[in-house]
Amino acid sequence: MTSTATRKTAPPAAMVPPRNTAPRPGGARRGRAVLVAAILGVALLAIILLSSSLGQFSTSPAQVAGSLGRVLFGGADPLGTRLDATLWTIRFPRTALALLVGACLAVAGTLMQGLFANPLAEPSIIGVSAGASVGASLAIVSGVAAALPWVLPGSAFLGAIVVTGLVWSLARSNGRAVVLALVLTGIAVNAVAGAATSFLVFLGDTSSREQIIFWQMGTLSNASWESVGITAGLFLACLFCCLPLRRSLDVLALGDRTASAMGVGVERLRLITILLSCVLTGVAVAFAGVISFVGLIVPHALRLVVGPSQRYLVPLSCLGGAVLLGLADIAARTVIPFADLPVGVFTALLGGPLFLLLLRRTLRGTGASS
């Protein structure tokens, strides 16, 4: 018997699966994130020069850059000339504080939206701003804030921490705090804190009432290098702690059960995220008052461009929040000559209509896909 060897033949061309040459979605998102970061970085540098140049004492961007070079690299005395003294004691601290506060609020909003898996979430949900208002109002009405300047931001920060801890403890049931319980408890505690602030305003005299109202509208007029240093230190520490949580927050968006099945400690993640958001918002409110819409509009707008991944949203929110509040601070100092308007007014004027436009776009996209 003779055996015949079977010859292996190549499959027809129609049976060979075509090679996928389409770009990966992750690569496209990474490219958009890099582009957005570059645009925001350039805008941030322009805002620093512009914000430092504008004011009652007229300067130019070239003079601002020259002062930076003389002091930072040439070792010149920052108080040596009138120009340097104005820039290094008033404008540079205010500009730096505006950028840091904007970054703090935006990152805190990004964490809250990732934690609640809701683009409408912001730090005020858990009572941070309301608690800070109670603490600041108590310090102003009691008169201690006038005697000791650091009591006002300290009381605001302490009030934010206490009220947030109260919301967390009241929302826990059977050893865990679910999202719905946090939201409903936050609404109730916010109402009580708002009533407490109104009662303190009623008890205060005319000067105290005006100071509380102006503080609640947001102001950067009391910026100093000490407040910049404290805000920068807490911001960098919280940002360093936020970076390892980004993947877990992305998994949490799939639901608590799915996240637990994938090895995510949901309760621990929720507690750490709320604590970081509380510290970021608390330090921002302590030194700048209540500033709305930054933590809501910045991550929402970035999400429409780079997608929902926290890997890109957290670092980009730092730049986006700094740019937004930097622009608002420039408007607050220049719209009315020789007047320093509350910066929170401009974030609300800009953030409200912009948020409505983004919301309408989101709703149209949802309707188209359904």
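Our subject is the structure that appears above.
Residues numbered from 1 in each chain as written. Predicted model: local features only at pLDDT ≥ 70, side-chain atom pairs only at ≥ 80, totals over all residues. Heavy atoms only, no water.

Participant: Mind laying out the packing of helix α4 (residues 128–142) against helix α12 (residues 266–288), listing which residues take part and the relevant values?
Facilitator: It is at 10 Å that the axes of α4 and α12 come closest, and there the two elements cross at 40°. The angle between α4 and α12 places the two elements in the oblique class. Regarding α4 and α12, the two cross each other, and that crossing is right-handed. Judged by residue contacts, Val-128, Ser-129 and Ala-132 of α4 engage Cys-278, Thr-281, Gly-282 and Val-285 from α12. (Axes fitted to C-alpha atoms, helices over the stretch in contact; angles between N-to-C directions. Helix = DSSP H or I, 4+ residues; strand = E, 2+ residues; numbered from the N terminus. Parallel < 35°, antiparallel > 145°, perpendicular 65-115°, else oblique. Left-handed = near helix turned anticlockwise from the far one by under 90°. Contact = heavy atoms within 4.5 Å.)

Participant: Provide a residue-level description of the nonpolar core, including the pertinent values.
Facilitator: Ranked by size, the top nonpolar core spans 89 residues in total, and within it Val-101, Leu-182, Phe-235, Leu-280, Ile-291 and Val-294 carry the most contacts. In terms of residues, this core owes the most to one element, helix α3 (residues 82–116), which gives 15 residues. Beyond its immediate sequence surroundings of up to four residues, Val-101 is in contact with Ala-284, Ala-288, Ile-291 and Leu-325. In terms of nonpolar packing, the next biggest core, distinct from the first, is built from 6 residues, Val-64, Leu-83, Leu-87 and Phe-92 among them. (Core = buried A, V, L, I, M, F, W, Y, C linked by side-chain atoms within 4.5 Å. Buried < 20%, exposed > 50% of the residue type's maximum accessible area, 1.4 Å probe, protein only.)

Participant: Mind laying out helix α9 (residues 225–242), listing which residues take part and the relevant values?
Facilitator: In a regular helix each residue adds 1.5 Å, so 18 residues correspond to 26 Å; α9 covers 25 Å between its end C-alpha atoms and thus fits that length. Of the surrounding secondary structure, the elements contacted by the buried residues of α9 are α3, α10 (246–252), α12 and α14 (310–334). (Expected span 1.5 Å × (residues − 1).)

Participant: Can you lay out the environment of Gly-74 for me, pointing to particular residues and giving the numbers?
Facilitator: Counting through the fold element by element, Gly-74 comes out in the loop between α2 (61–72) and α3. We classify Gly-74 as exposed; its relative accessible area is 59%. Remark: the alpha-carbon pair of Gly-74 and Gly-186, spanning 112 residues in sequence, is separated by 52 Å.

Participant: Quick one: what's the story with the state of the cysteines, residue by residue and with numbers?
Facilitator: Enumeration over the complete set of coordinates arrives at 0 disulfides. We note that Cys-241 lacks a disulfide partner, and the nearest cysteine sulfur, in Cys-238, lies 6.5 Å from it. The partly exposed category is assigned to Cys-241, whose relative accessible area is 38%. Cys-278 forms no disulfide, and the closest cysteine sulfur to it belongs to Cys-238, at a distance of 9.4 Å. (Disulfide = S-S within 2.5 Å.)

Participant: I'd like to hear about the packing of aromatic side chains, residue by residue, with values.
Facilitator: According to the stated counting rule, one finds 3 aromatic pairs in the structure shown. Between the aromatic rings of Trp-88 and Phe-92, the centroid separation amounts to 4.8 Å while the plane-to-plane angle is 85°, which identifies the pairing as edge-to-face. Residue Trp-88 and its partner Phe-92 are both found in helix α3; the two are separated by 4 residues, about one turn of the helix. (Phe/Tyr/Trp six-rings, centres within 6.5 Å; stacked < 30°, edge-to-face > 60°.)

Participant: Break down the side chain of Ser-53 for me, citing the residues and quoting the values.
Facilitator: Following the sequence through the fold, Ser-53 ends up in helix α1 (residues 25–53). With residues up to four places along the chain from it excluded, the contact list for Ser-53 reads Thr-59, Ser-60, Pro-61, Val-64 and Arg-91.

Participant: Report on the environment of Gly-229, specifying residues and quantitative values.
Facilitator: Along the chain, Gly-229 falls in helix α9. Spatially, the C-alpha atom of Gly-229 lies 9.9 Å from that of Leu-100, the residues being 129 residues apart in sequence.

Participant: Tell me about unusual backbone geometry, and please be specific about residues and values.
Facilitator: In the Ramachandran plot, Phe-293 falls in the positive-phi region, its phi being about 75° despite a non-glycine side chain. Following the sequence through the fold, Phe-293 ends up in the loop between α12 and α13 (294–306). Note on Phe-293: relative accessible area 24%, which makes it partly exposed.

Participant: Explain the pattern of salt bridges residue by residue, including any values.
Facilitator: Here the structure, examined in full by the defined rule, presents 5 salt bridges. Here Arg-70 and Asp-84 are joined by a salt bridge, their closest N and O atoms 2.8 Å apart. Here Arg-70, found in helix α2, pairs with Asp-84, found in helix α3; they are 14 residues apart in sequence, far enough to count as distant. Judged by relative accessible area, which is 36%, Arg-70 ranks as partly exposed. A salt bridge links Arg-94 to Asp-329; the nearest nitrogen and oxygen atoms lie 2.8 Å apart. Here the residue Arg-94 occupies a position in helix α3, and Asp-329 occupies one in helix α14, the gap between them amounting to 235 residues. Classification of Asp-329 by relative accessible area gives buried; the value is 1%. Overlapping salt bridges bring together Arg-94, Asp-329, Arg-333 and Asp-340 as one network. (Salt bridge = Lys/Arg side-chain N within 4 Å of Asp/Glu carboxyl O.)

Participant: Could you give me a rundown of the packing of α2 against α3, with the residues and numbers involved?
Facilitator: Pairs of packed helices are described in terms of their axes, by the angle between the two and the distance that separates them. Running from N to C, α2 and α3 point in directions that differ by 95°, and their axes come no closer than 10 Å. The pairing of α2 with α3 is recorded here as roughly perpendicular in orientation. In this structure, α2 contributes Gln-63, Val-64, Ser-67, Leu-68, Arg-70, Val-71 and Leu-72 to the contact, and α3 contributes Leu-83, Asp-84, Leu-87, Trp-88 and Phe-92. Looking at side-chain class alone, the contact of α2 with α3 contains 8 nonpolar, 2 polar and 2 charged residues. (Nonpolar A, V, L, I, M, F, W, Y, C, P; charged D, E, K, R; others polar.)

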